[in-house]
Amino acid sequence: MTHVHGNLFDAAAACLGEPDPARKQAATQMAAEHWRSGCLRADAVDAAPVRDLPGRPERPELVPPRALKARKLTSREGRAAMIHAVAHIEFNAINLAWDAVQRFRAMPTEFYDDWIQVAAEEAEHFGLMRSRLRDLGYDYGDFPAHDGLWEMARATAHDPLVRMALVPRVLEARGLDVTPGMIARFEAAGDPETAACLGVILREEVGHVAVGSCWFKRLCEERGLDPGPLYFDLLGEYMRAEVRCPLNLPARREAGFDEVELDRLQALCRAGDKP
């Protein structure tokens, strides 16, 4: 019998707070193993207070999204900049997964099973992108990045239902939409290695969005709310109902979006595309 010797919420907060990317990856894998082997308990009573800010390295420099310039993949630097943008998203995604674990302390055990698994996979995704950057002679921090993902974490910190609706089912679902095009661009630029890494990420991100769909629906059910209309109310309230085309319908179906939702999302993105 394994002896429980740690608090899950403290371990999650430590992973969230670790500023060094390589140490954050290692701490994430270790915490996930400790949880799976029964060495951590979800004890909200004895845990330290919720941590509000993630640890992050001094670089990359964080700038507003519009300050990031689009680069062509025809140059090594252009490819590295695009890989860096994905690495930054994955670094933030590790933080978002751990934040869901350490912040929402009254959830069933399966919630922690799911989000710890997501954290471990996001850490692997970050590692894949960082090693591609290094293959090209760069590293994480060498290009500026933006902080949009963490801004949404702050905006949804008050309620796991709102977090599940907007982080996995909006921000991560956007990754499902854009990644196939990125894969094609890297293949066309003669970089099949990066394309293959993005393929791994795409397959696993479908599962992450599905986790969000599952918990959003479960929380709606528990509160007697209808998830369909509520999702679009939240989209309007937090995102000004902005949805960009094209949508990756097969991946979104697999990730728990139903046809009514997809029809409404398609209508919103078409409306947004009109001049």
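What you see is a predicted model; the values in this text were computed from it and never measured.

Description of the packing of aromatic side chains
Note on aromatic pairs: each is described by the distance of the centres and the angle between the planes.
Point 1. On inspection of all chains with the given rule, the structure shows 12 aromatic pairs.
Point 2. With centroids separated by 5.4 Å and ring planes inclined at 40°, the aromatic side chains of Phe91 and Tyr140 adopt a geometry described as tilted. With Phe91 in helix α3 (residues 76-103) and Tyr140 in the loop between α4 (109-135) and α5 (148-155), this pair connects stretches of sequence that are 49 residues apart.
Point 3. Tyr140 sits in the buried class, given a relative accessible area of 8%.

Examining the side chain of Ser213
Point 1. Topologically, Ser213 is positioned in helix α7 (residues 192-223).
Point 2. Engagement of the side chain of Ser213 in a polar contact is seen with the side chain of Arg169, the distance being 2.8 Å.
Point 3. Leave out the neighbours within four places in its chain, and Ser213 touches Arg169, Ala255 and Gly256.

With respect to unusual backbone geometry
Point 1. Residue Pro60 follows Arg59 across a cis peptide bond; omega there is 10°.
Point 2. Locating Pro60 in the fold gives a position in the loop between β2 (40-41) and α3.
Point 3. Along the chain, Cys245 connects to Pro246 via a cis peptide bond; the corresponding omega equals -5°.

Things to note about the nonpolar core
Burial of nonpolar side chains together is a common tendency in soluble globular proteins.
Point 1. Residues Trp98, Phe111, Tyr112, Trp115, Phe216, Tyr231 and Leu265 are the most contacted members of the largest nonpolar core, which totals 83 residues.
Point 2. At 13 residues, the largest contribution of residues to this core is made by α3.
Point 3. Tyr231 has contacts with Ala165, Arg169, Val170, Phe216, Phe257, Glu261 and Leu265, leaving out every residue within four places of it along the chain.

Comments concerning the state of the cysteines
Point 1. Per the stated rule, a full pass over the model turns up 1 disulfide.
Point 2. Between the sulfur of Cys245 and that of Cys269 lies a disulfide, 1.9 Å long from S to S. The disulfide joining Cys245 to Cys269 has a torsion of about 80° about its S-S bond and is therefore right-handed. Highlighted residues: Cys245 in the loop between α8 (227-239) and α9 (249-254) and Cys269 in helix α10 (residues 259-273), separated in sequence by 24 residues.
Point 3. Given a relative accessible area of 24%, Cys245 falls into the partly exposed group.

Definitions and cut-offs
Residues numbered from 1 in each chain as written. Predicted model: local features only at pLDDT ≥ 70, side-chain atom pairs only at ≥ 80, totals over all residues. Heavy atoms only, no water. Phe/Tyr/Trp six-rings, centres within 6.5 Å; stacked < 30°, edge-to-face > 60°. Helix = DSSP H or I, 4+ residues; strand = E, 2+ residues; numbered from the N terminus. Buried < 20%, exposed > 50% of the residue type's maximum accessible area, 1.4 Å probe, protein only. Polar contact = N/O pair within 3.5 Å; in protein donor to acceptor, adjacent residues only side chain to side chain. Contact = heavy atoms within 4.5 Å. Core = buried A, V, L, I, M, F, W, Y, C linked by side-chain atoms within 4.5 Å. Disulfide = S-S within 2.5 Å.

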